[in-house]
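Reading the structure
Chain by chain, the residues run as shown.
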Amino acid sequence: MPRKAKKAHFPESAPVSEVEGDCPLCGRLLAPPANRHHLLPLSRGGKGTPTVLLHKICHDKIHSVLTEAELKRSYHTIEALQQQEEIATFIRWVQNKSPEFYDRSARRKK
Ligand SMILES: [Zn+2]
Ligand SMILES: [Zn+2]
């Protein structure tokens, strides 16, 4: 049986060289891993629309809280995302983390 082609896990992963400036969602300095987020989901007519570079943790949060339909309908601006209750709570929490913070197990001290 042919093996299923493995889907790239994070197709919007940004090259490290592009990761600079601040994350528009949480306002912290950007650091890899970072993702490009389409303010209008690609699957909903968002091709060619603006993208923003976000911390991967911020990007994951957006997609864990909101469906693509909701993103298209009400959350296609950073301001709207920041006001979403769960995301607002997340931003307050992530403010105090280091920019590289993503997975506590990935940076084990020797
Ligand atoms: Zn962020
Ligand atoms: Zn996204």
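For the structure itself, consult the block above.
Heads up: these notes are all about the structure in this document. Since the structure is predicted, the reported quantities are computational estimates derived from the model, not experimental observations. (Residues numbered from 1 in each chain as written. Chains lettered and ligands numbered in written order. Predicted model: local features only at pLDDT ≥ 70, side-chain atom pairs only at ≥ 80, totals over all residues. Heavy atoms only, no water.)

**Section: the pairing of strand 2 (residues 51–55)**
- With four of five residues buried, strand 2 is to be regarded as a mostly interior element.
- The pairing of strand 1 (residues 34–38) with strand 2 spans five bridges and is antiparallel. Following the sheet pairing, Asn35 is matched in strand 2 by Leu54. (Buried < 20%, exposed > 50% of the residue type's maximum accessible area, 1.4 Å probe, protein only. Helix = DSSP H or I, 4+ residues; strand = E, 2+ residues; numbered from the N terminus. Pairing = 2+ DSSP bridges.)

**Re the coordination of the zinc ion (ligand 2)**
- With distances of 2.0 to 2.1 Å, the protein atoms coordinating the zinc ion (ligand 2) are His37 (ND1), His59 (NE2) and His63 (NE2).
- We note that the donor set of the zinc ion (ligand 2) lies within a single chain, spaced as H-x21-H-x3-H. With His37 in strand 1 and His63 in helix 1 (residues 56–65), the pair connects residues that are 26 residues apart, well separated along the chain. (Donors = N, O, S within 2.8 Å, 3.2 Å for Na, K, Ca; no water.)

**As for the coordination of the zinc ion (ligand 1)**
- Taken together, the protein ligands of the zinc ion (ligand 1) are Cys23 (SG), Cys26 (SG), His55 (ND1) and Cys58 (SG), with distances of 2.1 to 2.5 Å.
- Sequence spacing of the donors to the zinc ion (ligand 1): C-x2-C-x28-H-x2-C. Taken together, the residues span a long stretch of sequence, with Cys23 in the segment before strand 1 and Cys58 in helix 1 at a distance of 35 residues.
- With relative accessibility at 1%, the residue Cys23 sits in the buried group.

**What about helix 4 (residues 85–94)?**
- Where helix 4 is concerned, the buried positions are Ile87, Ala88, Phe90, Ile91 and Val94. Angularly, the buried residues of helix 4 cover 160° about the axis, an arc narrow enough to put them on a single face. In helix 4, the exposed positions angled more than 90 degrees off the buried face are occupied by Glu85 and Arg92.
- Contact partners of the buried residues in helix 4: helix 1 and helix 3 (78–83).
- One side-chain oxygen at the N-terminal end of helix 4 lies 2.8 Å from the backbone nitrogen of Glu86; it belongs to Gln84. (Arc of directions from axis to C-beta. Contact = heavy atoms within 4.5 Å. Polar contact = N/O pair within 3.5 Å; in protein donor to acceptor, adjacent residues only side chain to side chain.)

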